[in-house]
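One-letter residues, chain by chain:
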Amino acid sequence: MVVPSPTPVRSKKTKAVGIPIIDLSRDRSIVAELIVKACEDYGFFKVINHGVPNEITARLEEEGRQFFAKPALEKQQAGPPSPFGYGCKNIGFNGDMGELEYLLLHSNPHFISDKSKAISNDPTKFRCAVNDYIQAVRDLTCEVLDLAAEGLWVRDKSVFSGLIRDVHSDSLLRLNYYPPLKEITDWDPSPKLLHHHCTNKRIGFGEHSDPQILTVLRSNDVAGLQISLRDGLWVSVPPDPSDFCIFVGDALQAMTNGRFLSVRHRALANSIKPRLSMVYFGAPSLNTWISPLPEMVSPQQPSLYKPFTWSEYKKAAYSSRLGDSRLDRFKIH
Ligand code: GA4
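As annotated in an unreviewed UniProt entry, the protein chain carries the name gibberellin 2beta-dioxygenase and is attributed to Liquidambar formosana. The UniProt entry for the protein chain carries the following text under Catalytic activity (unreviewed entry): "gibberellin A1 + 2-oxoglutarate + O2 = gibberellin A8 + succinate + CO2".

Draft legend 1. Structural context of the nonpolar core. Among the nonpolar cores identified, the biggest contains 79 residues, and I35, F44, V144, A148 and I246 are the most heavily contacted of them. A per-element tally of this core places helix 6 (residues 123-152) first, with 14 residues. Not counting residues within four places of it along the chain, the set of residues in contact with I35 comprises I22, V144, L147, A148 and G151.

Draft legend 2. Representation of the site of the ligand within the structure. Around the ligand lies a shell of 15 residues, among which I91, G92, D210, A317 and L322 are the nearest. Elements that contribute at least two residues to the shell around the ligand include exactly strand 4 (96-106), strand 5 (172-178) and helix 11 (310-318). Taken together, the residues of the shell around the ligand sort by class into eight nonpolar, four polar and three charged.

Draft legend 3. Expanded view of helix 11. Taken as a whole, helix 11 has its buried residues at W310, Y313 and A317. What you see down the axis of helix 11 is that its buried residues fit within an arc of 65°, all on one side. Buried residues along helix 11 sit against helix 10 (250-255), strand 13 (289-290) and strand 14 (308-309).

Draft legend 4. Region of the structure containing the environment of Q135. Here Q135 shows up in helix 6. Sequence separation of Q135 and Q301 is 166 residues, and the distance between their C-alpha atoms is 37 Å.

Rules and cut-offs
- Residues numbered from 1 in each chain as written.
- Predicted model: local features only at pLDDT ≥ 70, side-chain atom pairs only at ≥ 80, totals over all residues.
- UniProt positions renumbered as here; feature names shortened; annotations may be inferred.
- Core = buried A, V, L, I, M, F, W, Y, C linked by C-beta atoms within 7 Å.
- Buried ≥ 20, exposed ≤ 12 C-beta atoms within 10 Å, placed from the backbone.
- Helix = DSSP H or I, 4+ residues; strand = E, 2+ residues; numbered from the N terminus.
- Contact = placed C-beta atoms within 7 Å.
- Near = placed C-beta within 6 Å.
- Nonpolar A, V, L, I, M, F, W, Y, C, P; charged D, E, K, R; others polar.
- Arc of directions from axis to C-beta.

If you want it as structure tokens, here you go:
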């Protein structure tokens, strides 16, 4: 007789505690295993002892702080955000909105140059801070991806990182600034709504998954980030400026044939302090074909996704709403 295993009863608290924190200085094979487990269970984890010098992070944070502190009219000179530059509240092209301001930059310095004069009074210093940060987080991204490949026992250990290291990689950098609650309530001072704002969380950046391969996020010490577990429960991620948050993106879910989960996440904007996050999106070049790796496919686990180019996927992503499940369109039924 088969005795059904009891459904584990897990409280919200234990789940919040369960967010994996992986120490990259530990034994390589252990780290590789932990990364695979976290990518399967959550599509999300934090890394500590990551090797990114604090000086590099601090310099970019300071550039971001100075930019977002500028008067609105000055910031608008660095807009619009499409393809790259300053954006305020509008996200994408299909009507999504959030309580945030942001700078969207390409990882290729060639694309950054045009707007840095409007972003900073010292454009060379700004460009330098951006380039140094991108280089450091790109290395971290590639290290995590190599470890993931090792943990998956795939033949080519740089099958993922090679895509990010490509000179034509379409990786992006995004600085998100979530204004403090004070500013939000200034816009709508009704006492009834004021109370509502404090209790009901306002959305800074709505629920979504990232289309790319891997996302690496660093924030200041202000809370707001939440991830969704497989059962749909939202879990707050405690902020820690000294660690990095890693998110599996849609392209990595497709390449692992659904073994890794592209995690849905969002940012709340209900803090009394401004939240600043710096987010690197590791992406392949536009003409790269994305499809499940041969090692991830077997008669028992047939291919779940049709092959697509990154350019095709990006086009589909930009014609979708933020919260859409974009990978579903590429599923083999
Ligand atoms: C989510 C991940 C990155 O921030 C981003 C976002 C992009 C945008 O803000 O313009 C998108 C969003 C993101 C996914 C679906 C589309 C495109 C807004 C949107 C509605 C820069 C990206 O690459 O995709």
